[in-house]
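These are the residues of each chain, in order.
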Amino acid sequence: MNQKDRYKLSIQKNKEGIDFVKSGEKDIAYEYFCDAINLNPEYPPPYFNLGNILMEKKIYKKAIENYVKSNSLDLKNNRYKFKLGVAYAESGEFKKSIKVFEKILNEENNNLEILNNLGRLHKEINEYDTSIKYFEKAISIKYDFHKPYVELGILYGEIGELERSIHFLRKGLEIKKSFIKNEKLDSKKLIENKLDLASIYWNLSLSNLMSGDYKNGFKNYEYRMYKSDPIMPHARPISQRITDKLSIKEGTKILLISEQGLGDTIQFIRYSLYLKQIGFKVTLCCLKKLHSLVEFSNICDYLISPNDAVKIYDIPWVPLLSLPKLLKINSDNVLINDKYLDIPKNRIQYWKKIIKKDNKPLIGINWQGNPKGERGKVKGRSIKLEEFSVLKSSEYKFVSLQKGFGMDQLDKCSFKEYFIDKQEVVNKTLDFLDSAAIISCCDLVITSDSMNAHLSGSIGKETWLLLKYVPDWRWGMEKDSSHWYKSLKLYRQKSNNKWKDIFEIIAKDLKLIYPSQKS
């Protein structure tokens with residue numbers, strides 16, 4: 001086959017690959033694009049199309065390689081550049097993404113999407129002033145373009161300027177709702193725009209909640225299940241979902257479904273106990289790993305797993321984080337803020353014999369959450385274990401409560417000798433009843449904003465919670481106490497990403513509790 005025929009066949013293979021993509025047969029399309037490249041390695045489109053398939057599969061490194069190749073073969077194609085910029089952003093290479101989008105902006109100075117993307121990327125690397133300038137420029141070009149208003153609202157929420165955040169998000173909502181009402185959209189576009197609208201409501205809910213407006217906050221929080229990347233409960237029963245109000249009658253059956261992370265479940269299962277106390281027959285669905293703890297605590301009538309919950313057809317159900325809206329929870333009254341989970345005494349005694357042999361005060365510490373969740377408003381909540389080194393003292397011992405992510409830091413830390421001798425035994429425990437028993441053995445818990453903060457608070461253990469400058473909505477912006485847990489004391493960063501000041505204060509507070517016995 002001569003070169004000309006190979007070139008023609010390469011074009012044909014690429015076209016056929018596109019047809020397979022349109023019909024949903026992307027694995028076959030992948031092979032056709034590879035064939036097109038083998039036939040003519042200098043033909044750009046199949047590299048680009050391969051990149052798109054790899055992006056959908058979140059294989060970012062390979063996607064970037066293909067986008068780079070398509071760009072090198074066609075330097076003038078800004079569509080290729082755009083997808084390369086998106087791929088860098090999705091893979092977390094924000095500075096490389098910025099360079100790509102800046103190249104496009106040099107040629108398309110008033111491109112609103114590029115301006116918006118540059119604003120988002122500079123926000124990701126904490127260059128907030130630059131980010132704001134890009135969003136404001138987009139607004140100056142087209143005042144009724146909703147995206148920069150929304151992004152400004154999100155940005156101001158992340159830096160704690162809540163009034164501005166709410167103002168811009170409401171403006172974005174107004175523009176988006178007007179667009180949906182006035183434009184003639186086909187069904188696909190209408191769905192896309194409604195998903196967009198739900199995302200704006202959800203972001204607004206976070207700023208509402210952070211500012212203490214729980215009424216509007218929990219109302220808007222319902223949109224979490226309707227946005228483009230929905231936050232869904234751990235099961236979807238066949239039965240009817242309760243959305244408007246609870247009918248509080250003695251013996252009324254209700255099914256509660258857990259959602260989101262373990263910390264969220266532990267925080268909000270308090271309402272299972274509350275509903276049981278006021279006469280409901282409560283069936284609680286949560287992840288199996290929590291069952292031993294929930295069962296002993298007797299906070300529900302029946303306990304089931306997500307696999308069981310999907311089969312239920314005759315009990316109305318509620319996602320766990322929808323209960324605050326239905327129960328009209330506000331920051332002055334969360335109904336239950338004291339101990340609501342229990343641990344068997346024999347389990348506590350078992351762990352005391354292992355971890356409190358020398359009778360020294362014991363401080364449980366936890367420093368990291370799941371790094372995969374450290375994006376957007378949650379970014380920066382974890383702490384490096386080494387930051388805790390300033391707290392070391394011969395007056396007490398540490399026990400690590402860390403599980404999974406971050407445990408590797410324990411082997412390398414400079415103050416390992418200040419931990420209990422049986423730390424390895426603690427590390428191997430996975431049962432939540434044991435984890436709660438270990439916390440119960442501690443005299444104090446010092447933790448980052450992670451699941452252990454909720455577990456410790458739910459059993460009434462004195463806990464010092466270390467919060468980033470703008471924390472998660474549930475901790476608010478100002479107080480050193482929490483309306484969710486009586487036993488928590490909140491220590492807040494004075495400025496972004498700096499833990500040193502907090503640890504200096506904690507070191508002083510610990511000396512007041514555990515003064516040196518040396519004369």
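Residues numbered from 1 in each chain as written. Predicted model: local features only at pLDDT ≥ 70, side-chain atom pairs only at ≥ 80, totals over all residues. Heavy atoms only, no water.

Peer 1: Even after reading the chapter, I still don't get the overall build of the chain, so can you show me in this structure?
Peer 2: Helix and strand counts for the chain come out as 23 helices and 9 strands. Once the C-alpha set of the chain is aligned to its principal axes, its extents read approximately 85 × 60 × 50 Å. Evaluated residue by residue, the chain yields a buried proportion of 52% over its 519 residues. Expressed as a percentage of contacts within the chain between residues at least 6 apart in sequence, the contacts between residues at least 24 apart total 63%. When the accessible area of the chain is evaluated, it comes to approximately 25900 Å², of which 50% is carbon and sulfur surface. The averaged location of the 66 negative side-chain charges in the chain is 1 Å from the averaged location of its 87 positive side-chain charges. (Helix = DSSP H or I, 4+ residues; strand = E, 2+ residues; numbered from the N terminus. Buried < 20%, exposed > 50% of the residue type's maximum accessible area, 1.4 Å probe, protein only. Contact = heavy atoms within 4.5 Å. Areas by Shrake-Rupley, 256 points an atom, 1.4 Å probe, with all protein chains shown as cover. Lys, Arg positive; Asp, Glu negative; His and termini not counted. Charge placed at Lys NZ, Arg CZ, Asp CG, Glu CD.)

Peer 1: Teacher, can you tell me more about the packing of aromatic side chains here?
Peer 2: For any two aromatic rings, the description comes down to two numbers: the centre-to-centre distance and the angle of the planes. All told, the structure shown has 25 aromatic pairs when counted by the stated rule. Note on F82 and F101: the rings are 5.6 Å apart at their centroids and 70° apart in plane angle, and the pair reads as edge-to-face. Of the two residues, F82 sits in helix 5 (residues 78–90) while F101 sits in helix 6 (residues 94–107), which places them 19 residues apart along the sequence. Residue class for F101 comes out buried when judged on its relative accessible area of 1%. (Phe/Tyr/Trp six-rings, centres within 6.5 Å; stacked < 30°, edge-to-face > 60°.)

Peer 1: When you look at the pairing of strand 7 (residues 444–448) in this model, what are you seeing that I'm missing?
Peer 2: The side chains of a regular strand alternate between the sheet's two faces. With respect to burial, strand 7 is a largely interior element, 5 of its 5 residues being buried. Residues of strand 7 alternate between two faces, with L444, I446 and S448 on one and V445 and T447 on the opposite face, all of them buried. Two strands pair when backbone bridges link them, and strand 5 (residues 362–366) and strand 7 are joined in this way by 4 bridges, in the parallel orientation. Looking at the pairing, I363 lines up with L444 of strand 7. (Pairing = 2+ DSSP bridges.)

Peer 1: Hey, could you run me through the packing of helix 1 (residues 3–22) against helix 3 (residues 45–56) in this one?
Peer 2: Helix-helix packing is described using two parameters, namely the angle between the two axes and the distance between the axes. Between helix 1 and helix 3, the least distance of the axes is 10 Å, while the angle of their chain directions is 20°. Relative to helix 3, the element helix 1 is oriented roughly parallel. You can see that helix 1 and helix 3 cross each other, and the crossing is left-handed. Contacts between helix 1 and helix 3 involve N14, I18 and V21 on the former and, on the latter, P45, P46, N49 and I53. Per-class residue counts for the contact of helix 1 with helix 3 are 5 nonpolar, 2 polar and no charged. (Axes fitted to C-alpha atoms, helices over the stretch in contact; angles between N-to-C directions. Parallel < 35°, antiparallel > 145°, perpendicular 65-115°, else oblique. Left-handed = near helix turned anticlockwise from the far one by under 90°. Nonpolar A, V, L, I, M, F, W, Y, C, P; charged D, E, K, R; others polar.)

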